[in-house]
Structures are given as structure tokens and as C-alpha cells.
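# Chain and residue survey
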Amino acid sequence: MERKKEKVLGYEVDIISFDDAIRYLVDMIKTKQGAHVITINPEIIESAKKEEKLSEIIKNAQLVVADGSGIQLALKMKGINQERIPGIDLAIELINHCNMLNYSVALIGAKEEVIKKTVKNIEDEYENLNICYYRNGYFTLPKEEEIIEHLAEIKPDVVLAALGAPKQEFFINKCRKKLPESVYIGVGGSFDVWAGEVERAPEFFRIMGCEWIYRTYKQPQRLKRIYKTLPLFMFKAIIEAVKYRYYMRKRGANDKSAVRS
Ligand code: UDP
């Protein structure tokens, strides 16, 4: 499958449909090539600008999907239409495929009661699903090594890490060194939603790309994170889009004059 990517503030984002992203990931499972999926949003980009290691992880990821509306808007300003691909939707569709195709899944993250409820709810919904491992997302560094060793032994086809960004990205990066054949997705607060602890935004907000407004309304503590990153991100994205459009027009004009001469 030919892959198209576009940069947002220096980070390549896949220009891909939801269905093609799933097809790609199923193929990566089937062929045991593995992948790290980053569900990128303005907060992750702003963190990566300050943290070289995170920046490298994003640049080395096999699939970077436009999770945040801010990313979708940044691409739109460049004239590129990209559907939003929320990590939670991608993960649930992948679980659906694992259930149908008999691939194993490991779930790591969230508080103990949340992960237990998540596993129960998923097992109720997907009767054939092989959840080969699960545990909460609160562990020490030595325990983390133990978990990674264990994962390397049981080799899940898919690992969903819900530790919040960027913690989950660092965890996945460590896992990939021991177990590169798995497909990993950092799914943030998805387990809280699957456990029924946090309500997903109603369809209206999701369709309008305003899920973040609803989440902020429900969890006002998010406001600080958004306030700290979004205005700066949007400002830089506007500058980048203006430069990009200028460059594209100039190239178009040069191409036309080359054809004429
Ligand atoms: N979490 C965890 N371990 C930690 C810190 C956080 O498992 O050391 C979990 C937390 O319980 C929550 C999720 O990570 O379920 C973070 O959710 P949040 O909505 O903040 O993530 P986002 O989607 O914004 O990245």
C-alpha cells in the first residue's frame, strides 16, 4: 500500500482513511512486522518539541494518525483533507479484527478497578477475543522491566497501552526493543471510557470534531493542558500553512512557465 504523509510542525502525519489504517495494521500483525501507532494531537507535538526522545519516537513510528481536531485543522489550512482518526475508535476496530481473526491482545494501563472493568466489558462484547495479558498502568521502573520481559515471552499480537501521553509512548518504545513484532497503540484514557468511568462525547461533538470541548467540560483539569499548548500550536500551524501555500503556488507558477518556454 502506498503511504502518503504530510508534515505538521515537522512531524509526518499519515494521510490515510480509517479503513486503510486498519488494513495496514492487520497486515502488520499478519506479517509480524509490528508497528507503533501514534495518535497525534497538538499536546503531543508541543511536548515533543521540548523532549528530543519523544520527538525521535514520533519520527520513527510506523503510523501517525490525526487524532486531534487541531491536527486535522492544521492539515486543512494546507489544503489537505484528512479525516480524524481517534485512537479509541482505531483500537476498538482493531480489537474487533483480533476477535474475528484470532489475534491476541494485551491491555496495559489505568487504575486497577478500571482495567478489570475494561477487560470484563470487552470480554462480554467480544466472546472469542484472546486477552492474553492485562494489568494496571501504575508500576515502578523495575516492575516495568518485568512486564516487558513477560510481554516478550507471551508475544501478544496487539498491545494497547493506556498510560496517557507521552508516558505510553516511552513505554511502547521500550517494549518494541524486546518485542518488535507486536502492533502497539497508545490509547490514552480509552480504558476509562470502556470501563464506563468516563463518558465518551455524544455523537454530535464527535462528528463536529469537538470531542475535546466535551472532554474539557467533563474534566475541567484538562483546560490547563489545552491552554498551555493549543494557542501556540495553532499560531505555528498558521505560519506553516501560509509558507506551504506560498511555496506550492510558486512551484505551480514555475512549472507553468517551464511548460510555456
Ligand atoms: N495512567 C496510568 N499510569 C500512569 C498515569 C496515568 O495508567 O502512571 C492512566 C490513567 O489512569 C488514565 C490514562 O492513563 O486512565 C490517562 O488518561 P488521559 O485521559 O489523561 O490520557 P490522554 O487521552 O489525554 O492521553
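Above this text is the structure in question.
Thresholds, definitions, all that
Throughout this document, residue positions are counted from 1 along each chain, in the order its sequence is written. Note on the predicted model: pLDDT of at least 70 is required for a residue's local features to be given, and 80 or more for side-chain atom pairs to be given and counted; whole-chain, interface and lining totals, by contrast, use all residues. Side-chain calculation: all heavy atoms of the structure are included, whereas hydrogens and water are not. By the convention used here, strands pair only if DSSP detects at least 2 bridges between them. What counts as a helix is a DSSP run of H or I of at least four residues, what counts as a strand is a run of E of at least two, and both are numbered from the N terminus. Throughout, an axis means a line fitted to C-alpha atoms (over the contacting stretch in the case of helices), and angles, computed between N-to-C directions, take values from 0 to 180 degrees. The term nonpolar core refers to a set of buried residues drawn from Ala, Val, Leu, Ile, Met, Phe, Trp, Tyr and Cys, joined through side-chain atoms within 4.5 Å. Burial classes: relative accessible area under 20% of the type maximum marks a residue as buried, over 50% as exposed, and values in between as partly exposed (1.4 Å probe, protein chains only). Only heavy atoms matter for contacts: two residues are in contact if any of them lie within 4.5 Å across the pair. Near is defined per residue: the residue qualifies when any heavy atom it owns lies within 4 Å of the molecule or strand. Under the rule applied, a polar contact is a pair of N or O atoms within 3.5 Å (in protein, one hydrogen donor and one hydrogen acceptor; residues adjacent in sequence only if both atoms are side-chain atoms). Where accessible areas are quoted, they stem from the Shrake-Rupley method and a 1.4 Å probe; at the residue level, only the protein chains shown are allowed to cover. The nonpolar class holds Ala, Val, Leu, Ile, Met, Phe, Trp, Tyr, Cys and Pro. Asp, Glu, Lys and Arg form the charged class, and all remaining residues, Gly among them, are polar. Only Phe, Tyr and Trp rings are paired, with Trp represented by its six-membered ring, and only when their centres lie within 6.5 Å; those with planes under 30 degrees apart are stacked, over 60 edge-to-face, the remainder tilted. Place the viewer so that the strands point away; then a crossover is right-handed whenever the path from the first strand over the helix to the second strand goes clockwise.

### Some details on the sheet that holds strand β8 (residues 183-186)
Strand order in the open sheet made by the six strands is β4-β3-β8-β7-β5-β6, with parallel pairing throughout. Pairing within the sheet leaves two strands with one partner each, and these edge strands are β4 (63-66) and β6 (130-135). Each strand axis lies, on average, 20° off the axis of its neighbour in the sheet, ignoring direction. Sheet analysis places strand β3 (residues 35-40) next to β4, joined by four bridges and oriented parallel. If you follow isoleucine 40 over to β4, its bridge partner there is alanine 66.

### A look at the nonpolar core
Grouped together as the largest cluster of nonpolar side chains are 40 residues, with contacts concentrated most on Leu25, Leu90, Leu94, Leu107, Leu160 and Phe191. Ranked by residue count, the leading element in this core is helix α1 (residues 18-30), at eight residues. Ignoring anything within four residues of it in the chain, the contact list for leucine 107 reads Ile115, Val119, Ile122, Ile131, Tyr133, Tyr134, Arg135, Leu160 and Phe191.

### Points about the site of the ligand
By nearness alone, 16 residues border the ligand, and Gly137, Lys167, Asp192, Arg222 and Arg225 come closest of all. Within the side chain of tyrosine 138, one N or O atom sits 2.8 Å away from an oxygen atom of the ligand. Glycine 164 places a main-chain nitrogen or oxygen 3.4 Å from an oxygen atom of the ligand. Contact with the protein chains covers 78% of the free accessible surface of the ligand, which is 550 Å². The residue makeup of the shell around the ligand, split by class, is five nonpolar, five polar and six charged.

### A short note on the side chain of asparagine 41
Assignment of secondary structure puts asparagine 41 in the loop between β3 and α2 (42-50). Polar contacts involving the side chain of asparagine 41 include one to the main-chain amide nitrogen of glutamate 43, which spans 3.1 Å. Contacts of asparagine 41, omitting those with residues within four sequence positions, involve Gly68 and Ile71.

### Here we look at the packing of aromatic side chains
Between two aromatic rings, the relevant description is the distance of the centres plus the angle of the planes. In the structure shown here, the tally under the stated rule is five aromatic pairs. Judged by centre distance (5.7 Å) and plane angle (45°), the rings of phenylalanine 139 and phenylalanine 171 are tilted. Taken together, the positions of phenylalanine 139 in the loop between β6 and α7 (141-154) and phenylalanine 171 in helix α8 (residues 167-178) put the pair 32 residues apart, joining distant regions of the chain. Between phenylalanine 204 and phenylalanine 205 the ring centres are 5.6 Å apart and the planes differ by 85°, which places this aromatic pair in the edge-to-face class. Take phenylalanine 204: its relative accessible area is 57%, and that puts it in the exposed class. Classification of phenylalanine 205 as partly exposed rests on a relative accessible area of 23%. Three or more aromatic residues joined by ring pairs form one cluster here, namely Phe204, Phe205, Tyr214 and Tyr217.

### Section: the pairing of β8
With burial as the criterion, each face of β8 is covered, one bearing Val183 and Ile185 and the other bearing Tyr184 and Gly186. Strand direction decides the pairing type here: β3 and β8, joined by three bridges, are parallel. Directly across from alanine 35, in β8, lies its bridge partner valine 183. Crossover strand β7 (residues 158-162) to β8 through α8 is right-handed.

### Observations concerning unusual backbone geometry
Of the consecutive residues alanine 165 and proline 166, the connecting peptide bond is found in the cis state with omega at 5°. Phi angles above zero are rare outside glycine, and lysine 32 is one such case at about 55°. With respect to the helices and strands, the residue lysine 32 is situated in the loop between α1 and β3. Of note, asparagine 102 is a non-glycine position whose phi angle comes to about 70°, a positive value. Of note, asparagine 102 is situated in the loop between α5 (87-101) and β5 (104-109).

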